[in-house]
Each structure stands twice: as C-alpha cells, then as structure tokens.
Amino acid sequence: MLELTAEAFKEKITNKLKTDRGIEIGDASDKDIYYVIAAIVNEEIMPQWYDTQKKYEEKNNKQIFYLSMEFLVGNLLQSNLLNCGMLDVSNQALKELGLDPENIYAKEHDAALGNGGLGRLAACFLDSLASLNYAGHGYGIRYRYGLFEQRIINGNQVELPDYWLKNDYPWETKKEDEAVCIHFHGDVHMFKKNDGTLEFNYENTDKVMAIPYDIPIIGYENKVINTLRLWSAEAVYDEQETLATENNEFYHDLDHKHSIEQISGFLYPDDSNHEGKELRLKQQYFLVSSSIQHIIKNFKKNNHTSLRRLPEKVVIQINDTHPSLAIPELMRILMDEENFSWNAAWEVTTKVIAYTNHTTLSEALETWPKGMLEHLLPRIYMIIDEINERFCKGIWYDHEALRDTIPSLAIIADDQVHMARLAIVGSFSVNGVARIHTEILKKQEMKHFYNLFPDRFNNKTNGITHRRWLLQANPNLASLITDVIGPQWIKRPKQLISLLKYSKDSSLLEKFDQVKHENKKILANHIYERTGILVDDQSIFDVQIKRLHEYKRQLLNIFHIIYLYNELKVNPNQDITPRTFIFGAKAAPSYHLAKEVIKLINTVASIVNYDPDIRGKLKVIFLENYNVSLAEKIIPAADISEQISTASKEASGTGNMKLMMNGALTVGTLDGANIEINDLVGNQNMFIFGLTADEVMDYYQHGGFDATAIYNTDDRVKRILDQLNQGEFGSHDIEFKDIYYNILYHNDPYFVLKDFEPYIETHEIVERTYRDRLTWLNMSVTNIAHSGKFSSDRTIREYATDIWKVKQVWG
Ligand code: GLG
C-alpha cells in the first residue's frame, strides 16, 4: 500500500462512496468521506490484523495485557493513516478533490474514554507496543458515554453527556461469540472434598454478559496490528422467558436490563479523587473478570499444558489500582475452577501481575467499604480476606520490627479494603511513573512496603508517542527536523539529539521560528473561529492545558495574569511583550473549587480582553472542551509550557513532554518529570522556580506556612486577594470568596502565595529572554533535541526489559 498514488487513492474514495454509501463524490458530505477513508484503512489493515494474531499464536511468546479503566485514544483516523503509511497520500488526494483534510479528519468524534494523563498514557503505550512489535494488548471498558463535553456558559463549566457512539464507530468490531459471563452477588457454599480440600460453589448470582468490541492498534509502518479490547455490559436476556412472564415482570426485567447496561454506561469523570460508589466497583470487577477469563481461555487454546506455566506466557500490567481485583479474580479462577491449591494459585498470580502507581495524593488512593465488597463480590472478598490474613501473619512472624506497622499495612483495616496495599502485596512489580515519584513512594508513602519488598519497586518514567505528538500533530516541524537531520529520528527518537549540532545556526533557527509562527497563526485562526476573539500571533503563547486541580495550580497562573493587569492599569505605558494566555481544562463536576477557578479564569478573560487600556498587551483565552483533538492544535503553537504543580504532587506529567517536544519552553517547578527534563536540558534551558518537594513536605510536616503573613506583607498579593474578596471580579460579591477563604483560612494548602513571588520573577526572565530571539530559539531547539528520551518507545522498552521480560516478536 505504501506505493499507492494520490490518483489511485482518489479512485478508491469515489468507488467506495458508490459501493458503501451509494452516492457520487459531488453529493458526499465530509462525514461520508470520513467513513470511506476509514473503510480504506480497514480494508488495508484487516488482513494484517489477522496475520499478526496468527503469528503471535505460532510463535507463542509471552504476551502483555495492559488492563486499564481508561484509554484516552482520541481521534484515530489520522494516526491510523499515518501508521499504515497512507497519511501523505490521503492528504494529497483530498486536496486534489478540493477538500480540506483537516475538516474530514475532524468528523471523527474523539473516543474520550479517559480523564487525563493516566488514560492518555495507556493510549500512547498501545501505540508504542505495536510500533515496536511487542505482543501487547489493552483491555478496557466500552463506555457508552465518555468524559463529559464541557461548555462554558457565563464563565461557568456546564457538563453535557458525551454520547460518542451516536454515529457508527468505524474502528470497532463486535465479537459476540467471545462474550463471557460475569457474576455479582449470590451465595458462596463451601464443601470439604474427600481429599480434605475445599470446594466453593456459587448460587443465585446476578449474571451479566461482557461483550468484546475490538479496536485495531496499528504499529508504525511495520504491519503489526495489536488489539484494544473494550468490554460492553449486556443483560443475559432470554426472550422466551421474558415473553412468558406477566406484564409487570416484563417491566421489572427492563429495569434490570437497564441497570446492567449501566455497568458500561459512563466513565467516572475524576481520576484524582477516589469515587466510592458501588457502580464504580462493579465496573472494575467487570473489566477484570472479563479480561482474565479471556486471557485464561486463550492460554488454554494455545498451550496444552498446565496453567502453572501461565507466567511464562502472560504478564498483566494493571494501570493504577483500578484493576487490582485482577489479583483475587485470578486466584478465584485458579482455585475454584482449575483446582489449584492456595499456594500454587498464589505462586502463579504473583508472577503474572505487575502494578503501576500514578499518584500519591491521598484522596486518590482507593478504598472500598468492606461490607460493600463483601455483598457485591462475596467470593472475591473471601479471597482478599485470606490474602490479608496470610500477609499480616507473615509480618508478625517474619518481621518482628514491623509488627507495630501492621494496621497501616493491612489490606483490610478500619472496615475498608485498601486497594493499593492489595496491589503491592499481590504483584511482582510496583512502579512509579517518574524518578521523584518513585523515590517518594519508596521513602514515604510506601516505605514499609518497600522495606518488606525492596526488589519489587522500580521506576518507569512516563513517555508520549512522538508519532502522534510530533509527526502527526506538527507536520511542519517534523518535516523541518527531517530536512535537518534526516528521517532516522522517526524510528529512533533519541536521534533528535543531532539537532544540537545546529542549535546555534542562526539561519536554521529562523526556520524553526517560521514554523512556530505558522503554527501560531493556525491556532489564532482556530481561536477566532471558536471564540470570536482575535489574538496577536506575534504575542507569547503561554499555555496551560491539563485537568483543573488545585495541585496543578491554574490559580497561580491566573494570579500572575491579574497581577500583570493591575500593573498595566496603573502604568498603561509599561513596555511589555504582548502575551496570550491559553487555558484548556475540565474540572470534575463535583469539584467546587476547581470550577470556581474556571469561572475566575473566564471572568478575568472577559475583563482583560475588552479593556481598552490593555488592548494589544494581554489576552486570556479559555478554550472549552479540552480533549486530545484540541491538544493537537494547541501544542504545536505553544511558546511557554506551564508545569507549575506544587512540588511533590504531580507524579510525572506528560503534557510537559508533549510541549517540550514541540519546542515550547517550560516554566515549571521541580516536580514530576520536569526534574528529568531539567537534568537533560539544564537550568539555562528551562525556567525553574519555587519550592522543592523536600521543602513542601517539610512544611506539611510542620503545619504549613503562614499565608496571612504574605498577604500582609506583599501588596501585590493583598491586592489580588482583596479583589476576589470584594467582588471586583464577580457579578455578585460572593463569587470568588471560596478561593479567598481557602487561601487565607485553610492556609493555602498548595502554596500559591509562597510560590507567587518566584513565579512572577521567573516570568520577568521569560519575557526578557523571549525578546532575545536567537537565545530563545536556541533554547527551544535544545529542548526538542532532548525530547527523544520522552518517547513512550523508551518507556515501553524499559517495561519490556525490566518488568515484563519480553522481546520484540519479530523484525
Ligand atoms: C496521573 C498523574 C500524572 C501522570 C499520569 C500518568 O497525576 O502526573 O503523568 O497519571 O502516569 N492521574 C494521572 O493522570
């Protein structure tokens, strides 16, 4: 297919329009064209998909199964075209047909089956697994509603349901005959068998069918197609039975059916807050049980040997604790269905399961009420109870020094089941997602576990797929890079480092400047189309795009903007470099303070953008409904990447990597992967400010800092807080009081005031540096050159070598 010409591609489009949709090109809508191009891709890859699976079966190597409640895949047409080598030809053909490829690709509704970093990481990992030729597949849930669609109305976030399946989704194939049955509730009966061992039977369970929908994951130009399998919940529905029942029972059945379909109904819109609802627990078990049943079925089909050898053929990586019921579920199947003894089942389970931790925020660490788990999953609860008992006994007898810590290590404690503890105890690997994060796990959050199992803990610094985030999202930059250093970087992103040789070549730096400027013009147009606001494409594009959370400190950013505004009001002739502040962020629907910050950003925007004194100097843009597609538009145009979390709170961050790879310079704290970016590019190529993680943790240990003292001594801070308190930005005067109170009366838990001054000063340096064009461009290219390390290809290779012990399948 690589040699396909634009002419031939056009012919395919016109033919397919006729055969698949019964229309001529002249009558086709953008959506029609979208569907036929997707069909062309599918036609190309279907045989390759089959071949890949066949080869995996023949080779029968160990396979990786990535279990995740979230896969934020976003739009797929463009990246599928790219990976199967047809993007250029498709672009050309569409242009020759007088169509704008962007418009056609934009017809795909993003699959927003994730919240943020954790879900996007899973999607990047799938891309790398396939592109590097590893037999690695994803298992997730086919939520009917993805992450809510955000509207901003009067400055407020309003959430609308994201019914992404309204139109046909061309990438999925339903595999009805591979459905499995999941059991909830019911009674467990225990019998003693003749040989003295126990047998467990379940009765009166509620049955739910898990129907798989498979999505192809296309490797980059290597004909490898892996699978993302998404499970959908359906009622076990016997038409005969239903017809025979009385009317009211029929309605009861409908109700029942509805409640079952809820299991794959919607994605919980928060990943940094533990959502303690029974439905969420059901979703987790649903994912885990269907996936493990399928994995075992497959093992049996391909290996005519004992399941004791499962660890030779299967490794299951669990993405955060959300799928940690995989541990008791695998135990259950091995013991109750395969007649394994406890010890044999434990031996297998703890060799198969590996756990990734993504956060140390205590509010995100999952626990379930013991009673809820016991009622919903009685047999699973029994198994967790026994894991806990054996684990605690083990500490009591073998680690005398740790006896006192048992209550803080026990999996079941205070009537709660602690999922992170279960995940650590039941897996062979526990990894953090950036160096500092793993160190914090080892030395603080999980230090007793680390003492018990030092070899289990390891670090795998996150990464992003450079194929989507550079090659596809920023084609102008990608082709400039290829002109300068050749195309090898596409397969070996570390080679971006060769750019360093040219980072002082002024005529070349000019070219990088032109590309950035072009991208800024495109974004400025997009902003105009969406908001009607004109932004200056010569201004500094200062970008903060990520979930809205207190620890990410969008508040610090908006305080800086208010400060600049106040300064300009006093001294309108101040010589400042024009700036456009760009935000994209969704807040969890129930997160009041986060929503207040969105309102504040929009309110400040509505004042700043229309104040004649400020014209040409500052603009504040909040782009609604931040998602993968929007990220692809903003990132190539960014000059500044705001990575300003309270140090120690952001486990890694991945937006920092995407922006760096596209030549933005980071204004950041020494937190998450910012530290590793800093190690590579050096202080001179980044704008680092603020408290360090050690300082923050020290403050926490000693009761925080005195926020009021800063309020009383720094007139800039006082002015801003008074403006909030006195309703200067509100339509009524209570509007932003909660933000004010949280800072002054809850002692500014995320250190916004403490880091305010260094942040302001750093931004002054940013501005001076920006004016020195060659220095700026040199810094920018230096960042791009070092970004190869943050390709998820590197991360996946590290998982493969250190944790999974798997090799590339061929090639
Ligand atoms: C987490 C963290 C991020 C991290 C991401 C992927 O908050 O810092 O980059 O996972 O590991 N819940 C998240 O998004």
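Residues numbered from 1 in each chain as written. Predicted model: local features only at pLDDT ≥ 70, side-chain atom pairs only at ≥ 80, totals over all residues.

Digging into the overall build of the chain
Formally: Numbering of helices and strands starts at the N terminus; helices are DSSP runs of H or I of at least 4 residues and strands are runs of E of at least 2. Here the globule rule reads 2.2 Å times residues to the power 0.38, and the radius of gyration is calculated from C-alpha atoms. For the exposure call, what matters is how many other C-beta atoms sit within 10 Å of a residue's own: 20 or more marks it buried, 12 or fewer exposed, and in between partly exposed, using C-beta atoms placed from the backbone. We call two residues in contact when the distance between their C-beta atoms, placed using the backbone, is within 7 Å.
Per the secondary structure count, the chain includes 34 helices and 25 strands. Computed over the C-alpha atoms, the radius of gyration of the chain is 27 Å, within 12% of the 28 Å expected from 2.2 N^0.38 for a compact globule of 811 residues. Reported as C-alpha extents along the three principal axes, the dimensions of the chain are approximately 90 × 70 × 60 Å. Burial statistics for the chain: of 811 residues in total, 49% are counted as buried. Once local pairs closer than 6 in sequence are excluded, the contacts in the chain between residues at least 24 apart make up 76%.

Here's the deal with the sheet that holds strand β17 (residues 416-418)
Going by this rule: Strand pairing is defined by DSSP finding a minimum of two bridges between the two strands.
Across the sheet, three strands lie side by side as β15-β17-β16; this open sheet has antiparallel pairing. The open sheet terminates on both sides in strands that have one partner only, identified here as β15 (367-369) and β16 (412-413). For β16 and β17, the ladder comprises two bridges, and the chain directions are antiparallel. Each residue of the ladder has a partner; that of A413, found in β17, is Q416.

Some details on the sheet that holds strand β22 (residues 618-622)
Strand order in the open sheet formed by six strands is β22-β21-β20-β23-β24-β25, with parallel pairing between adjacent strands. Of all strands in the sheet, those bounded by a partner on one side alone are β22 and β25 (687-688). With four bridges connecting them, strand β23 (residues 640-643) and strand β24 (residues 665-668) associate as parallel partners. Of the residues in β24, the one forming a bridge with I640 is L665.

What about the domain arrangement of the chain?
This is how it is decided: Just so you know, the domain bounds were taken from an automatic or database domain assignment. Here the term charged refers only to Asp, Glu, Lys and Arg, the term nonpolar to Ala, Val, Leu, Ile, Met, Phe, Trp, Tyr, Cys and Pro, and the term polar to all other amino acids, Gly among them.
Each assigned domain of the chain is listed here: domain 1 (1-59 + 84-109), domain 2 (60-75 + 110-462 + 797-804) and domain 3 (467-691 + 752-790). Tallied by class, the residues present in the side of domain 1 that touches domain 2 amount to eight nonpolar, five polar and four charged.

Digging into the nonpolar core
So the rule is basically this: In this description, a nonpolar core means buried residues of the types Ala, Val, Leu, Ile, Met, Phe, Trp, Tyr and Cys, linked to one another by C-beta atoms lying within 7 Å.
Membership of the largest hydrophobic core comes to 233 residues, with the highest contact counts inside it found for I37, A326, I601, V604 and I621. In terms of residue count, the dominant contributor to this core is helix α2 (residues 30-59) (11 residues).

Notes on the site of the ligand
Filter applied, for reference: In this text, near has one meaning. A residue is near a molecule or strand if its C-beta atom, placed using the backbone, is within 6 Å of it.
The environment of the ligand is made up of 16 residues, and the closest members are G117, H358, V433, A651 and S652. Looking at the shell around the ligand, its residues break down into four nonpolar, 10 polar and two charged.

Points about the UniProt feature "modified residue: N6-(pyridoxal phosphate)lysine" (unreviewed entry) in the chain
Filter applied, for reference: UniProt positions are given in the numbering used here, feature names are shortened, and annotations may be inferred rather than shown by experiment.
Look at the UniProt record and you will see "modified residue: N6-(pyridoxal phosphate)lysine" (unreviewed entry) annotated at K658. With respect to the element layout, K658 can be found in helix α26 (residues 655-661). Classification of K658 as buried rests on a count of 30 C-beta atoms within 10 Å. Setting aside chain neighbours within four positions, we find K658 in contact with I464, W469 and I635.

A few points about helix α6 (residues 117-131)
Convention followed: Under the convention used throughout, the expected extent of a helix is 1.5 Å for every residue step, that is, one less than its residue count.
Spanning 15 residues, α6 covers 21 Å between terminal C-alpha atoms, matching the ideal 21 Å at 1.5 Å per step. Across the 15 residues that make up α6, a large majority, 15, are buried. With its phi angle positive at about 70 degrees, N133 sits one or two positions after the end of α6.

Quick look at the environment of D253
In this structure, D253 sits in helix α8 (residues 247-261). Overall, D253 belongs to the partly exposed group, with 16 C-beta atoms counted inside 10 Å. Taking the C-alpha atoms as reference points, D253 and R309, 56 residues apart in sequence, are found 43 Å from one another.

Things to note about unusual backbone geometry
The phi angle of most residues is negative, glycine excepted, and most peptide bonds adopt the trans form. The phi dihedral of N133 falls on the positive side, at around 70 degrees, and the residue is not glycine. With respect to the element layout, N133 can be found in the loop between α6 and β4 (136-141). Assessed through the 19 C-beta atoms surrounding it within 10 Å, N133 is described here as partly exposed. In the Ramachandran plot, N204 falls in the positive-phi region, its phi being about 55 degrees despite a non-glycine side chain.

Focus: the packing of helix α1 (residues 6-21) against α2
For the record, the criterion: Note on method: axes are straight lines fitted to C-alpha atoms, helices fitted across the in-contact stretch only, with angles between N-to-C directions ranging 0 to 180 degrees. Every angle not falling under 35 degrees, over 145, or within 65 to 115 is termed oblique; those three ranges are roughly parallel, roughly antiparallel and roughly perpendicular.
At a closest axis distance of 9 Å, the pairing of α1 and α2 adopts a crossing angle of 105 degrees. As far as their axial angle goes, α2 and α1 are roughly perpendicular. Contacts from K12, I13, K16, L17, D20 and R21 of α1 reach α2 at D32, I33, Y35, V36, I37, A39 and I40. For the contact of α1 with α2, a count of residues per class yields eight nonpolar, no polar and five charged.

Quick notes on the packing of helix α11 (residues 326-337) against helix α14 (residues 378-398)
As a packed pair, α11 and α14 sit with axes 9 Å apart at the nearest point and diverge in direction by 105 degrees. If you check the angle between α11 and α14, you find them roughly perpendicular. For the pair α11 and α14, contact is made by P328, E329, M331 and R332 and by R379, I380, I383, I384 and I387, respectively. Grouping the constituent residues of the contact of α11 with α14 by class yields six nonpolar, no polar and three charged.

A look at the environment of K789
Relative to the elements of secondary structure, K789 occurs in the loop between α33 (773-786) and α34 (792-804). On the basis of neighbour counts, which here come to 19 C-beta atoms within 10 Å, the residue K789 falls in the partly exposed class. When the C-alpha atoms of K789 and L680 are compared, they prove to be 9.2 Å apart, with 109 residues separating the residues in sequence. In this structure K789 touches K494, L680 and R794, once residues within four positions along its chain are discounted.

Let's talk about helix α4 (residues 87-96)
By the burial criterion, the buried members of α4 are L87, V89, S90, N91, A93 and L94. Just past α4, the residue G98 takes up positive phi, approximately 80 degrees.

Digging into the pairing of β23
Going by this rule: Here a crossover is taken to be right-handed if, once the strands point away from the viewer, the path from the first strand over the helix to the second is traced clockwise.
Residues I640 and E642 of β23 are buried on one face, and the alternating residues S641 and Q643, pointing to the opposite face, are buried as well. Where strand β20 (residues 540-545) and β23 come together, two bridges link them in parallel fashion. Paired with D542 across the bridge in β23 is I640. Each parallel crossover has a hand, and for β23 linked through α26 to β24 it is right-handed.

Quick notes on the pairing of strand β5 (residues 146-153)
Relative to strand β6 (residues 156-162), β5 is paired through six bridges, and the arrangement is antiparallel. From the neighbouring strand, Q150 faces β6, where its bridge partner is E159.

A look at the confidence of the model for the chain
Test applied: pLDDT is defined as a per-residue confidence score from the predictor, taking values between 0 and 100.
Mean pLDDT over the chain works out to 95, with 98% of the residues at or above the 70 mark. If you check the scores for this complex, the pTM reads 0.97 and the ipTM reads 0.98.

Regarding the environment of E386
With respect to the element layout, E386 can be found in helix α14. Along the chain, E386 and E695 lie 309 residues apart, while their C-alpha atoms are 41 Å from each other.

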